[in-house]
Amino acid sequence: MPVVQFAPFSSLVQPGFWHELTRLKIDVLRLSDESLTVNGSYSVGRSVRDRETGQDVALGCNLVLGAAAFEQPSQVPPMSVAIRGVFKNYNTIEEFKVADKASIFNEVTNDMWNSIVESKDASKLTQFLLLTFSDLKKYQYYYWFAFPAFVAKPAWEISTEGWKAADHELNASQLTSIFESLHAQTKPFFLVKLTGDAAKVHPMDEADVFFASDSPDSTIVGFLDPSASPDNPGWPLRNLLTYLQTLYPSKTTSVRILCWRDGELPVAGRAWKSRFGVVASGGDRQTVKPTAVGWERHPTTNKLTARMADLAPMMDPTRLADQAVDLNLKLMRWRIIPSLDLEKIARTRCLLLGAGTLGCYVARTLMGWGVRTITLVDSSRVSFSNPVRQPLFDFDDCLNGGKPKAACAAEHLKKIFPGINATGYNLSIPMPGHPIPVSSREQTQKDVELLEKLFDEHDAIFLLMDSRESRWLPTVLGAAKNKIVLNAALGFDTYVVMRHGARAAASAPNFQRLGCYYCNDIVAPTDSLTDRTLDQMCTVSRPGLAPIAASTAVELMVSLLQHPDGIHAPPPPPQSTTANDIESESASNSVLGLVPHQLRGFLAQFRTLPVTGAAFDGCTGCSEAVINVYEKEGFAMILRACNETGYLEVLTGLDKLYMEGDAALESVDWEEDE
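Residues numbered from 1 in each chain as written. Predicted model: local features only at pLDDT ≥ 70, side-chain atom pairs only at ≥ 80, totals over all residues. Heavy atoms only, no water.

Caption draft 1: View of the overall build of the protein chain. When its secondary structure is counted, the protein chain shows 19 helices and 25 strands. Relative to the compact-globule value of 26 Å for 674 residues, the protein chain shows a C-alpha radius of gyration of 38 Å, a clear excess of over 25%. For the protein chain, the spread of C-alpha atoms along the three principal axes comes to 135 × 65 × 45 Å. Taking all 674 residues of the protein chain together, 48% fall into the buried category. The contacts in the protein chain between residues at least 6 apart in sequence include a share of 73% that link residues at least 24 apart. (Helix = DSSP H or I, 4+ residues; strand = E, 2+ residues; numbered from the N terminus. Rg over C-alpha atoms; globule rule 2.2 N^0.38 Å. Buried < 20%, exposed > 50% of the residue type's maximum accessible area, 1.4 Å probe, protein only. Contact = heavy atoms within 4.5 Å.)

The structure is reproduced here in structure tokens:
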């Protein structure tokens, strides 16, 4: 009798599986190479009819893995079965190549064999093995499947009748009963009991009862056959026969096999696709684990070697960029900072007031941290002096009078990374000391309303303007709405980067409130631009200063976001010498380190000095006196601050402080030298 030839499994991995593996590797597995459970499925064998010859052409005997492979087994369609496998991913291509694949394979087959002899469990007869290496920069995935199958010695043989159509052995009524039973509850392996014209399907765990019967001709062993080849049953039959020969050797020297291949009832004029045959083996009962085979051959070379899936050509370039942007950030969590909350950073909506040198570098650094929403505000246009110092502009942006800076910068951000939500607004911010004429008040009020709306829609505000007074209204708005406010300002070779403290009304009673940009001054902001020479009107600074200050501002924001207290995070103590100081410094740390209040940089000395400044109750920017009047009067208060000299001093009590100072000076009895 001819030896039974089995149709091996062929892996069919959907692109969604590789996308999910990418996410799992970056976010969960990281450097772990522990074995995991992975879920696949196969269905009844399928074929297509050749239109020219009229013959059925068998399709592959496929095991399918999709995007849900790493989740709990989900519902599969009727006439399909879910199976589990062992998955192991390696960190380097070298580890993948030199891995002891024979040892891993043996571990899987040992588990399968033990499930047979110890618990008579047929659920692991279709267990598979998958080894992978993921090159996440190139989106190339190296993989090798194994479908372990025990080798029968001597081999199973098919009777002289060979494999025949099932309807040559069973009548239509019996086949229909089997179909209805499997359609309602599909089983990978099953037993069929024939009684007259009736057929009843039973699960494999009732085999003890069936094989205790003395009427083997009325019992058929069936399995869901993924093969469509007329003469080659599918791979699962190999381990099913080993299962039967090991547990029921005296009853299975000859076995009636039903290869179930009908996914639907045959239409008129079509035959049943399922096959039937009688197989026999002269082997004795298996008492030790037989040898096993099953590594998948390469479909092109037919060699026992790994395969490679290259997803880069089929992926949308925008999606490729989106995943690649986050790759380096997520790698930080593999070894260096496992607790880094990248999602919180990505969700932070950032408003940049100023799209000049500082604004361009801040935007680029925010993108590097994975921030997805960046809005820029500026009222100027790109000039010919800008592109060499401001990396979001080029020569063409300067032509025809120059493009509006904010919108142009947002456009370039999208060119760099299409996934960014970048918007630019051409907007003038009213400033104390710069009177607003009656003709401009309506437009100015609209600008203020838009600015207030932008503050409401964003989480972190960067003040990156050129003048001192232009920061006043954003400081008031940031304090009133208790937003994270970051300030960066440049000198020739010095810079200051600071975070504004939380609003007094939102702070704990004993909390040391940190100051804002104006808290160190007892002078209200006023016109600093009129009657200035060109070198005083432009920000003249060393070229390397702006990127240093801009990056420092972004890093300060990110550290603040990682601190459990957020905007209320305390600054570090001035010096860490005592045990109390060290404990206090630890309390001020985020997972990224210290969260200082201010950083003052001195490029001539290549030195950075952390500074802590307390809030000033009479501050013209963040004091409750200013905020309360703004919340009550709105634009009318802003109008007075811009148009009335001394208004802010009276509002905050600075005028009285001036008078007290003058009185103190007058009361001093100065001694004059003779």
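Caption draft 2: Focus on the side chain of Glu296. With respect to the helices and strands, the residue Glu296 is situated in the loop between strand S16 (292-295) and strand S17 (307-310). A polar contact of 3.1 Å, which involves the side chain of Glu296, links it to the side chain of Arg307. Other than its neighbours up to four places away in sequence, Glu296 contacts Phe9, Ser10, Ser11, Trp144, Phe145, Ala146, Phe147, Lys303, Leu304, Thr305 and Arg307. (Polar contact = N/O pair within 3.5 Å; in protein donor to acceptor, adjacent residues only side chain to side chain.)

Caption draft 3: Layout of the sheet that holds strand S22 (residues 484-490). The eight strands are arranged S20-S19-S18-S21-S22-S23-S24-S25 in an open sheet whose pairing can be described as mixed. Only two strands of the sheet have a single neighbouring strand rather than two, namely strand S20 (421-426) and strand S25 (607-611). Sheet twist, expressed as the average angle between the axes of neighbouring strands with direction ignored, equals 15°. With respect to the sheet, helix H11 (residues 441-457) is in contact with strand S18 (349-353), strand S19 (373-378), S20 and strand S21 (460-463), its orientation differing from that of S18 by roughly 145°. (Pairing = 2+ DSSP bridges. Axes fitted to C-alpha atoms, helices over the stretch in contact; angles between N-to-C directions.)

Caption draft 4: Inspection of the domain arrangement of the protein chain at higher detail. Here the protein chain is described as being made up of domain 1 (10-312) and domain 2 (348-370 + 436-661). Placing a centre on the C-alpha atoms of domain 1 and another on those of domain 2 gives a separation of 66 Å. (Domains from an automatic or database assignment.)

Caption draft 5: Local environment of the pattern of salt bridges. Summed over the entire model, instances satisfying the criterion amount to 22 salt bridges. Between Glu169 and Arg256 there is a salt bridge, with the nearest N and O atoms lying 3.4 Å from each other. Taken together, the positions of Glu169 in the loop between strand S10 (164-165) and helix H4 (172-184) and Arg256 in strand S14 (residues 254-260) put the pair 87 residues apart, joining distant regions of the chain. Measuring nitrogen to oxygen at the nearest pair gives 3.3 Å for the salt bridge that ties Asp397 to Lys403. Linked through salt bridges whose partners overlap, the residues forming this network are Asp27, Lys330, Arg333 and Glu343. (Salt bridge = Lys/Arg side-chain N within 4 Å of Asp/Glu carboxyl O.)

Caption draft 6: Local environment of a nonpolar patch on the surface. A cluster of nonpolar side chains, namely Val48, Val57 and Leu59, defines an oily patch on the protein surface of about 230 Å² accessible area. Take Leu59: it is sitting in the loop between strand S4 (56-58) and strand S5 (62-65). (Patch = residues over 30% accessible without salt bridge, like charges linked within 9 Å, V, L, I, M, F, W, Y side chains within 5 Å. Areas by Shrake-Rupley, 256 points an atom, 1.4 Å probe, with all protein chains shown as cover.)

Caption draft 7: The arrangement of the side chain of Asp447 in detail. As for its placement among the helices and strands, Asp447 is situated in helix H11. For the buried Asp447, which has no salt bridge, the nearest side chain bearing the opposite charge is Lys446, at an N-O separation of 8.6 Å. (Lys, Arg positive; Asp, Glu negative; His and termini not counted.)

Caption draft 8: Inspection of the nonpolar core at higher detail. Residues Phe17, Ile178, Ile257 and Trp260 are the most contacted members of the largest nonpolar core, which totals 93 residues. Ranked by residue count, the leading element in this core is strand S8 (residues 140-150), at seven residues. Among residues more than four places away in sequence, those in contact with Ile178 are Leu170, Phe190, Val192, Ala199, Val201, Leu258 and Trp260. The next biggest cluster of nonpolar side chains, apart from the first, holds 54 residues, and it includes Cys350, Leu358, Ala406 and Leu413. (Core = buried A, V, L, I, M, F, W, Y, C linked by side-chain atoms within 4.5 Å.)

Caption draft 9: Representation of helix H6 (residues 236-247) in the model. Look at H6: 17 Å from first C-alpha to last across 12 residues, which is about the 16 Å you get at 1.5 Å a residue. The element H6 is largely enclosed, with a buried count of 12 among its 12 residues. Those residues of H6 that sit buried are Pro236, Leu237, Arg238, Asn239, Leu240, Leu241, Thr242, Tyr243, Leu244, Gln245, Thr246 and Leu247. (Expected span 1.5 Å × (residues − 1).)

Caption draft 10: Representation of empty space enclosed by the protein in the model. Scanning all chains against the criterion turns up two cavities of 30 Å³ or more. Approximately 80 Å³ is the volume attributed to the largest cavity. Along the walls of the largest cavity sit 16 residues, with Gly478, Ala479, His500, Gly501 and Cys622 positioned nearest its centre. No other element matches helix H12 (residues 472-480), which puts three residues into the lining of the largest cavity. Residue classes in the lining of the largest cavity are distributed as seven nonpolar, six polar and three charged. The computed volume of the second largest cavity comes to approximately 60 Å³. Considered class by class, the residues forming the lining of the second largest cavity number six nonpolar, three polar and no charged. (1 Å grid on protein atoms, 1.4 Å probe; cavity = no way out; pocket = protein on both sides within 12 Å on 5 of 7 lines; lining within 4 Å. Points joined across faces, edges and corners; volume = space filled by probe spheres on them. Nonpolar A, V, L, I, M, F, W, Y, C, P; charged D, E, K, R; others polar.)

Caption draft 11: Geometry of the packing of aromatic side chains. All chains considered together, the criterion is met by 19 aromatic pairs. Taken together, the ring pairs in this structure connect Phe9, Phe17, Trp18, Tyr42, Phe70, Phe87, Phe128, Tyr141, Tyr143, Phe145 and Phe147 into an aromatic cluster. (Phe/Tyr/Trp six-rings, centres within 6.5 Å; stacked < 30°, edge-to-face > 60°.)

Caption draft 12: Representation of the pairing of S20 within the structure. With six bridges joining them, S19 and S20 adopt parallel strand pairing. Within S20, the position partnered with Leu376 by the bridge is Gly424. In terms of handedness, the path from S19 via helix H10 (residues 405-416) over to S20 forms a crossover that is right-handed. (Right-handed = clockwise from strand over helix to strand, strands pointing away.)

Caption draft 13: Broad picture of H4. Spanning 13 residues, H4 covers 18 Å between terminal C-alpha atoms, matching the ideal 18 Å at 1.5 Å per step. Every buried residue of H4 is accounted for by Gln174, Leu175, Ile178, Phe179 and Leu182. All buried residues of H4 lie within an arc of 135° about the axis, which places them on one face of the element. Seen from the buried face of H4, the exposed residues on the opposite side, beyond 90 degrees, are Glu180 and Ala184. Considering only its buried residues, H4 is in contact with strand S11 (189-195), strand S12 (198-203) and S14. The residue sitting at the N-terminus of H4 and contributing the capping side-chain oxygen is Asn171; that oxygen lies 3.1 Å from the backbone nitrogen of Ser173. (Arc of directions from axis to C-beta.)

Caption draft 14: Examining the environment of Tyr361 more closely. Within the secondary structure, Tyr361 is located in helix H9 (residues 357-368). Through-space distance from the C-alpha of Tyr361 to that of Val554 is 9.5 Å; in sequence the pair is 193 residues apart.

Caption draft 15: Inspection of the packing of H9 against helix H14 (residues 545-562) at higher detail. Where H9 contacts H14, the two axes come as close as 8 Å, and the packing angle between them is 45°. On the basis of their axis angle, the class for H9 and H14 is oblique. Helix-helix and strand crossings are classified by hand; for H9 and H14 the assignment is right-handed. On the side of H9, the interface is formed by Thr357, Leu358, Tyr361, Val362, Thr365 and Leu366, while H14 contributes Ala546, Pro547, Ala549, Ala550, Ser551, Val554 and Met557. Partitioning the contact of H9 with H14 into residue classes produces 10 nonpolar, three polar and no charged. (Parallel < 35°, antiparallel > 145°, perpendicular 65-115°, else oblique. Left-handed = near helix turned anticlockwise from the far one by under 90°.)

Caption draft 16: Region of interest: the environment of Gly40. Tracing the backbone through its elements, the reader meets Gly40 in strand S2 (residues 36-43). For the pair Gly40 and Leu63, spaced 23 residues apart in sequence, the C-alpha separation works out to 6.6 Å. Residues contacting Gly40, with those up to four places away along its chain left out, are Leu63, Val64, Leu65, Val81, Ala82, Ile83 and Phe128.

Caption draft 17: A look at the state of the cysteines. Overall, the coordinates contain zero disulfides when judged by the stated rule. Not engaged in a disulfide, the cysteine Cys61 finds its nearest cysteine sulfur in Cys259; these two sulfurs lie 11 Å apart. The thiol of Cys619 is unpaired, and the distance to the nearest cysteine sulfur, on Cys516, comes to 3.4 Å. Cys619 sits in the buried class, given a relative accessible area of 1%. (Disulfide = S-S within 2.5 Å.)

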